[in-house]
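Listed here are the chains, written in short residue letters.
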Amino acid sequence: MSKVITFSREFPKNHPKVGQPTYFRQKILTAAYFLGLITYEQAIQNNLIDHEDRFLFTPKFTTIRRGFHWNVGDHFSPREWSGKPYCSKQNVFCSDITIKTIYPFSYCPDDGFFMSGLRIDISDSFIPMNDGLTSEDFFYWFRQKTPFHGQVLCFKKGLHDDIFRKMEAKKYYDLIPF
C-alpha cells in the first residue's frame, strides 16, 4: 500500500519567492518520464516538452521529508495541493513512485546542512537541483530557527552516491600530510 506525499504549488510564506510557482508537479512528471513511468505522449500532454523536443523542466528525483517514516521499497502517491496547503483538495498527478534510496538529512541553524552525517555545501552539490530547487531556493526552503531532521527520498537508485565518494575521498586526502 502506498503512502501519500503532497507537494506545494507555490513557495511558502517564509520564502523570498512567496506565492510564486514551484513547478514541482511538472518536475516530478519529467523525472517520471525518465524513470519510464509516463510515456512521451503523456509528457507532451502535460506540457513538459517544447516544440523542439526539449524538456522544459529539470527532473525532480528526490523529496526531503521531516521524520524517519520511510524505507527503501516504499511507494508513494504523488499529489499536489489544489490551493492553500492543508486547506484544499489533493490532486493525484502520477502513478505511484517507488523509493529507491534513502539518506538521512539534517539542517542545524548554527552548523548548516548534513546528509548521512556529512556536512554538505548546497551551493556546490546536485542536492538542490535533484530536489527541484536552485541552491538559493533550497537554502530558504529549509532555513528555520529550529533544527530539521528527516530523510532524502530518492526515486532513482544511486542518485547521490557520487557525492559521498567525493566527500569520503576529500576527507581521506585532507588527512595526508604533504
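1. Description of the sheet that holds strand β7 (residues 112-115)
One open sheet holds the five strands; their spatial order is β2-β9-β6-β7-β8, and the pairing between them is antiparallel. On the outer flanks of this sheet lie β2 (62-66) and β8 (118-120), each paired with one strand and no other. Strand-to-strand twist of the sheet, defined as the mean angle between neighbouring strand axes without regard to direction, takes the value 30 degrees. As judged from the four bridges shared by strand β6 (residues 101-108) and β7, these two strands associate in the antiparallel manner. When the bridges of β7 are listed, Cys108 appears paired with Gly112.

2. Re the packing of aromatic side chains
Applying the stated rule across the entire model yields 21 aromatic pairs. For the ring pair Tyr23 and Phe57, a centre distance of 5.5 Å and an interplane angle of 40 degrees mean the geometry is tilted. Here the residue Tyr23 occupies a position in the loop between β1 (3-7) and α1 (24-34), and Phe57 occupies one in the loop between α2 (40-45) and β2, the gap between them amounting to 34 residues. Overall, Tyr23 belongs to the partly exposed group, its relative accessible area being 38%. For Phe57, a relative accessible area of 18% corresponds to the buried category. Centre to centre, the rings of Trp81 and Tyr86 are 5.1 Å apart; their planes meet at 50 degrees, and the pair counts as tilted. Ring pairs connect the aromatic residues Phe105, Tyr107, Phe113, Phe138, Phe139, Tyr140, Phe142 and Phe148, which therefore count as one cluster.

3. Some remarks on the side chain of Asp50
The topology assignment puts Asp50 in the loop between α2 and β2. A residue is classified by how much of its surface remains accessible, and Asp50, at 19% relative accessible area, is buried.

Rules behind the numbers
- Residues numbered from 1 in each chain as written.
- Predicted model: local features only at pLDDT ≥ 70, side-chain atom pairs only at ≥ 80, totals over all residues.
- Heavy atoms only, no water.
- Pairing = 2+ DSSP bridges.
- Helix = DSSP H or I, 4+ residues; strand = E, 2+ residues; numbered from the N terminus.
- Axes fitted to C-alpha atoms, helices over the stretch in contact; angles between N-to-C directions.
- Phe/Tyr/Trp six-rings, centres within 6.5 Å; stacked < 30°, edge-to-face > 60°.
- Buried < 20%, exposed > 50% of the residue type's maximum accessible area, 1.4 Å probe, protein only.

Everything listed is a geometric property; what it means functionally is a separate question.
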